[in-house]
Structures are given as C-alpha cells and as structure tokens.
Amino acid sequence: CVRPSKRVRQSGSGPILIRPQSLSVDYGLSYLGVNADTIAPYAVALVGVAYCLWRASELVTDSDHGLIIGTSMKIMAFQLIGLLLTPYTRFGDVHEFFGSTLFLAQLGLACLAIKWLGGSDRHFALLTGIMFLGGLAAAYYLPQSRGFELQAQVVFQLAFWVLFIRLLRGLQLQLQPAEAG
C-alpha cells in the first residue's frame, strides 16, 4: 500500500487523500462533509457538479427526452446541494432523504436509458446492474457501524456517471446555444 506523502495530504488534493481513514469508517461520502480538513474540497465538489448539472440542464432541448433529462439534471443538482446543507451529524433523516432520492433518481434515469435505446446497448444494462448492486450494498451498509458504505457509493456513482455520459452521447441531443451574458 502506497501512502500519500505528508505534502500530498496537506495539499487539499482530495478529501480521501486528506482523510484516508474515511475508507475504514462506515459513514459513506458524507463523512467527508463533516470534518474541518475535508469540508472545503467536499463542498467544492458538490457545488461544482450541481452548478454544471444546472447549467447543462438548460442546454438540453431534444424534444423526445430533453425535458426528462433536463429536469433530472436539475433534481440531481438540488439533491447535491441538499446533501451539502444537511450534514448527517445534525440532520440525519433529511440527509438520508436527499441521498436516497438522489440514488433513486439516478437509477430511474438509468432504467429510462435502457428503454430509450431499446435495450440494444449491453453497456447500459451492465452499468445499471452495477448501479443496482452498488445501491443495494450502500443501503445495506447505511445502518451498519462498520462496512463498505463509501466504497458502495463510489461504485454506484462511477457507474452512473459513465452511463450518463454514454446516454448523452447515444441520444445525440440537440443542445441550445448558451446565451451571452
């Protein structure tokens, strides 16, 4: 096992590098949002993704699927901000609501992707299966005091974002030009 140097750990290069013990506690990615040394990169990551999703949602104009995809992107942006503003240490149930509904929205979009593409792309089915298993593992480990909550969430999210990028490419959406100013 290679340990990051002290300089890397202090450079702010990533919450998990800053707080590697997050891999051994079972609080999921949200653990990184309640510690003084990881809150800033965690917040930048969630706000950055939320901002990009919101902006991109306004560019999707495909008549068949654009409304659903655009609305889904706005819902995911809202849920990410909700996760950030409701640390699990103070707002446990509300935080779990935002996290659970984010995962469900993403899984729902993955299922729609399979339907829209007629089930012809095995990658979508495989990625959706990985998401489903990662989601089941995350749900199982959520109430546990030890386990693999963070790892299950990372597997789920990686599968979703790969699927989402493939979906956007596969549908060949028409993008509305961004307005100046």
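This text goes with the structure placed above it.
Going along each chain's sequence as written, the residues are numbered from 1 onward. Restriction of local features to residues with pLDDT of at least 70 applies here, the model being predicted, together with a cutoff of 80 or more for giving and counting side-chain atom pairs; totals for whole chains, interfaces and linings are based on all residues. The side-chain numbers reported here are obtained from all heavy atoms of the structure, hydrogens and water having been left aside.

K.L.:
Looking at this structure, I do not really get the packing of aromatic side chains. What am I missing?
P.N.:
The geometry of an aromatic ring pair is captured by the separation of the ring centres together with the interplanar angle, meaning the angle of the planes. Pairing of aromatic side chains requires ring centres within 6.5 Å, counting the rings of Phe and Tyr and the six-membered ring of Trp. Pairs whose planes differ by under 30 degrees are stacked, by over 60 edge-to-face, and all others tilted. Taken as a whole and judged by the stated rule, the model has eight aromatic pairs. Aromatic side chains F78 and F98 sit 5.8 Å apart centroid to centroid with 65° between the ring planes, which places their arrangement in the edge-to-face category. Here the residue F78 occupies a position in helix α4 (residues 66–85), and F98 occupies one in helix α5 (residues 92–116), the gap between them amounting to 20 residues. For every residue, the accessible area obtained with a 1.4 Å probe (protein chains only) is divided by the maximum for its type, and the residue is called buried under 20%, exposed over 50%, and partly exposed between those limits. Overall, F78 belongs to the exposed group, its relative accessible area being 55%. On the accessibility criterion, F98 (12% relative accessible area) is buried. Per the convention used, a helix needs a DSSP run of H or I reaching at least four residues, while a strand needs a run of E reaching at least two, with both numbered from the N terminus.

K.L.:
Teacher, can you tell me more about the nonpolar core here?
P.N.:
Buried together is how nonpolar side chains tend to be arranged in soluble globular proteins. To form a nonpolar core, buried Ala, Val, Leu, Ile, Met, Phe, Trp, Tyr and Cys residues must be joined to one another through side-chain atoms within 4.5 Å. If you look at the biggest cluster of nonpolar residues, it comprises 34 residues, and the most contacted ones within it are F164 and L167. Of all the secondary-structure elements, those providing two or more residues to this core are α3 (39–57), α4, α5, α6 (122–141) and α7 (149–171). Should any heavy atoms of two residues lie within 4.5 Å, those residues are considered in contact. Apart from residues lying up to four places away in sequence, F164 is in contact with L53, I69, M73 and L109.

K.L.:
How do you make sense of α4 when you look at a structure like this?
P.N.:
Within an α-helix, residues lying three or four positions from one another point in the same direction, as the helix has 3.6 residues per turn. Taking 1.5 Å of rise per residue, 20 residues should cover 28 Å, and α4 covers 28 Å from first to last C-alpha, within 8% of that figure. Those residues of α4 not exposed but buried are G66, I69, G70, S72, M73, M76, A77, Q79, L80, G82, L83 and L84. Where α4 is buried, its residues contact α3, α5 and α7. Expected span, for any helix, means 1.5 Å times one less than how many residues it has.

K.L.:
Explanation requested: α5 in the structure shown.
P.N.:
The end-to-end C-alpha separation of α5 is 36 Å, in line with the 36 Å expected for 25 residues at 1.5 Å each. Among the residues making up α5, those that are buried are H95, F98, G99, L102, F103, Q106, L107, L109, A110, A113 and W116. Those residues of α5 that are buried are in contact with α4, α6 and α7. Immediately downstream of α5, the backbone of G118 shows phi near 70°, a positive value.

K.L.:
It is not clear to me how the packing of α3 against α4 should be interpreted in this structure. Could you clarify?
P.N.:
A pair of packed helices can be characterised by two numbers: the angle between their axes and the separation between those axes. In this analysis an axis means a line fitted to C-alpha atoms, helices contributing only their contacting stretch, and an angle means the value between N-to-C directions, from 0 to 180 degrees. Put simply, α3 and α4 touch, their axes get as near as 8 Å, and they point 160° apart. On the basis of their axis angle, the class for α3 and α4 is roughly antiparallel. Classified by chirality, the crossing of α4 by α3 is left-handed. Listed contacts from α4 to I39, Y42, A43, L46, V47, V49, A50, L53, W54, A56 and S57 of α3 are G70, M73, K74, M76, A77, L80, I81 and L84. Residues of the contact of α3 with α4, tallied by class, amount to 16 nonpolar, two polar and one charged. In these notes the angle categories are as follows: under 35 degrees is roughly parallel, over 145 is roughly antiparallel, 65 to 115 is roughly perpendicular, and the rest is oblique. For a crossing to be left-handed, the near helix must be turned anticlockwise from the far one by less than a right angle; the clockwise case is right-handed. Only Asp, Glu, Lys and Arg are considered charged, only Ala, Val, Leu, Ile, Met, Phe, Trp, Tyr, Cys and Pro nonpolar, and every remaining residue, Gly among them, polar.

K.L.:
Looking at this structure, I do not really get the environment of L53. What am I missing?
P.N.:
Among the structural elements, L53 can be located in helix α3. Residue L53 is classed as buried on the basis of its relative accessible area of 6%. Beyond its immediate chain neighbours, meaning those up to four positions away, L53 contacts M73, M76, A77, L80, W161 and F164.

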